[in-house]
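Coordinate inspection notes
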Amino acid sequence: MQGMQIDWIINTQTDPVILTQMQKAADQCLISENVKVPCMISVCLCDDEQIREINRQHRSIDRSTDVLSFPSVTYPSDRTAAACEALLKNEYDVDTGACFLGDLFISVPHIQAQAAQYGHSELREAVYLLVHGICHLMGYDHIDAAEKEKMRNMEEKILSAVNIQRDLPQQTDDEKLLSLACEAMTRSYSPYSSYPVGAALLCKNGRIFQGCNIENASFGLSNCAERTAVFKAVSEGSTSFEAIAIAARTKAWPCGACRQVLNEFAPNMRVLVTWDGNVEEKQLSELLPEGFGPDSMHT
Ligand code: THU
C-alpha cells in the first residue's frame, strides 16, 4: 500500500515536525478507508486572509475558516472513496501516477487559535483539520446526523491509528485553565457592578469553554461568568465537566445559582478560584453540600 501523495503549497511558516505528522495522517486516511488505488491531494497551508478569499470566491462566504475542502470526485450520497474505485480512477493523472482526490486549504492562524482554545497542541489541531478535510475529499460529510456520525467515527479511527487521540483531561494543566479564566475576565461586560469575572470550564472530552459575566440595564437579567461557560459547553454538546477556573479581582467562589447549575452536570468537579495571583481549590460538593440534583427526585 503506498501512501498519499501530497502537493504542498506552504504560504506560511510551518513546523516541519507538524508536516511529517500530517503526511503520516494522510497516509493513514487511505489505509483506514481501505482505498486500494494510489491517491494524491493538494494541501495549501495559508493565512486567514487567503482562506477568506477562497471562501468568498468559491462559496460566496466572506469570512475566514479553519479548513476548506474541494473534492474532485462527486460521490453518490451513500458511498465513500473505498466503494468508488471507478470514480477515483477517472481522476487518475499519468504524470503523478495517482488519482487526484481534491484540494484542501488549512488556515495556520486557525490551527494556533483552536489549539489554544481546546487546550491541546498545534500538532494535534493541524492533524485533526487535515484528517477532517481528507474525509471530505473521500466523500464523508456532516450535514445530517447519520452522515456526521459516520464521518466522526472515521476521523477517530484515523486519529487513533496515528496515535493522536483526544487529550485526557489531566493533560490540560490547571495553570492553563486559570490563565484562560483570566483572559475571559477581560471580556466581561460589567458596566453596572464594575466587577469583572472570567471562567474557564474544562470538559471531560478535553474541550475548554470560557465565559464572562454579562450584565444588563435590567439588573436581574445579568448572567454570571460560570453560567455563561456552562451554557456554551452544554449547547455545544459537552455536558461532562472536570474542572472550572474562576478569575476575579477578589476571591470569588461561584454564587449559589452557579453552584446549582454546575451541580446538575458534575457534583464532584473541581472548582479553582484565582485573584491577585492567588489560587484556591475546592470540590463542588464542598461548596454545595447535600445539593439538589437530577437524582434527587428518584431516590
Ligand atoms: N458574578 C459572577 O460572574 N460569578 C459569580 O459567581 C458571582 C458574581 C458577577 C455577576 C455580576 O455581573 C457581578 O459579578 C457582580 O455581582
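Within each chain, residues carry numbers counting from 1 in the order of the written sequence. Given that this is a predicted model, residues contribute local features only at a pLDDT of at least 70 and side-chain atom pairs are listed and counted only at 80 or more, while totals for whole chains, interfaces and linings are drawn from all residues. Calculation of side-chain values draws on the structure's entire complement of heavy atoms; hydrogens and water are dropped beforehand.

Let's talk about the packing of aromatic side chains
- Ring pairs shown here join Phe, Tyr and Trp side chains whose ring centres sit within 6.5 Å, with only the six-membered ring taken for Trp; geometry is labelled stacked below 30 degrees between planes, edge-to-face above 60, and tilted in between. Tallying each qualifying case throughout the model produces three aromatic pairs.
- Ring geometry for Phe70 against Phe105: centres 5.9 Å apart, planes inclined by 80 degrees, an arrangement best described as edge-to-face. With Phe70 in strand S3 (residues 67-71) and Phe105 in strand S5 (residues 98-107), the pair connects residues that are 35 residues apart, well separated along the chain.
- A 1.4 Å probe rolled over the protein chains alone gives each residue an accessible area, and that area as a share of the maximum for its type sets the label: buried under 20%, exposed over 50%, partly exposed in between. Residue Phe105 is classed as buried on the basis of its relative accessible area, which comes to 16%.
- Centre to centre, the rings of Tyr192 and Phe219 are 5.4 Å apart; their planes meet at 45 degrees, and the pair counts as tilted. Residue Tyr192 is located in the loop between helix H7 (174-185) and strand S6 (197-203), and its partner Phe219 is located in the loop between strand S7 (208-212) and helix H8 (225-235); the two are separated by 27 residues in the primary sequence. Helix numbering and strand numbering both begin at the N terminus, where a helix is a DSSP run of H or I of at least 4 residues and a strand a DSSP run of E of at least 2.

Describing the pattern of salt bridges
- By definition here, a salt bridge exists when the distance from a side-chain nitrogen of Lys or Arg to a carboxyl oxygen of Asp or Glu is within 4 Å. This structure, assessed with the given rule, holds eight salt bridges.
- For the salt bridge of Arg52 with Asp62, the shortest nitrogen-to-oxygen distance reads 2.9 Å. Taken together, the positions of Arg52 in helix H2 (residues 48-59) and Asp62 in the loop between H2 and S3 put the pair 10 residues apart, joining distant regions of the chain.
- Overall, the relative accessible area of 31% leaves Arg52 in the partly exposed class.
- Ionic pairing is found between Lys89 and Glu85, a salt bridge with its closest N-O pair at 3.3 Å. Note that Lys89 and Glu85 are positioned in helix H3 (residues 85-90) at a spacing of four residues, about one turn of the helix.
- Judged by its relative accessible area of 32%, Glu85 is partly exposed.
- Sharing partners across several salt bridges, the network here consists of Asp174, Arg270 and Glu281.

Some thoughts on the sheet that holds strand S9 (residues 270-275)
- Note on pairing: two strands pair once DSSP finds at least 2 bridges between them. The strand order across the open sheet built from five strands is S7-S6-S8-S9-S10, with neighbouring strands paired in mixed fashion. The open sheet terminates on both sides in strands that have one partner only, identified here as S7 and strand S10 (278-283). Neighbour-to-neighbour, the strand axes of this sheet turn through a mean angle of 15 degrees, independent of strand direction.
- Across five bridges, strand S8 (residues 241-248) lies against S9 in parallel orientation. From the neighbouring strand, Ala245 faces S9, where its bridge partner is Leu272. Each axis is a line fitted through C-alpha atoms, and for a helix only the stretch in contact is used; angles between axes span 0 to 180 degrees, taken between their N-to-C directions.

Re the domain arrangement of the chain
- Segment limits for the domains were obtained from an automatic or database-derived domain assignment. Taken as a whole, the chain is organised into domain 1 (5-161) and domain 2 (174-298).
- Computed with a 1.4 Å rolling probe, the buried area is the accessible surface lost when two parts are put together, summed over both parts. Of the roughly 380 Å² buried between domain 1 and domain 2 on both sides combined, carbon and sulfur atoms contribute 43%.
- Our count for the domain 1 to domain 2 interface comes out at zero salt bridges.
- A 3.5 Å cut-off defines polar contacts: any pair of N or O atoms within that distance qualifies, except that in protein one atom must be a possible hydrogen donor and the other a possible acceptor, and neighbouring residues in sequence count only when both atoms are side-chain atoms. Counting the contacts that link domain 1 with domain 2 gives zero residue pairs in polar contact (both at pLDDT 80 or more).

Focus on the layout of surface pockets
- A cavity here means a set of points on a 1 Å grid, drawn over the protein atoms and nothing else, where a 1.4 Å probe fits but cannot get out; a pocket is an open set with protein on both sides within 12 Å along at least five of seven lines, and a residue lines either one if it has an atom within 4 Å of a point. Grid points are joined across faces, edges and corners, and a volume is the space filled by probe spheres set on the points. When its volume is computed, the second largest pocket comes out at roughly 170 Å³.
- Looking at the second largest pocket, it is lined by 13 residues, and the ones nearest its centre are Tyr195, Val197, Asn213, Cys224 and Glu226.
- Polar here means any residue other than Ala, Val, Leu, Ile, Met, Phe, Trp, Tyr, Cys and Pro, which are nonpolar, and Asp, Glu, Lys and Arg, which are charged; Gly is therefore polar. Partitioned by chemical class, the residues of the lining of the second largest pocket number eight nonpolar, three polar and two charged.

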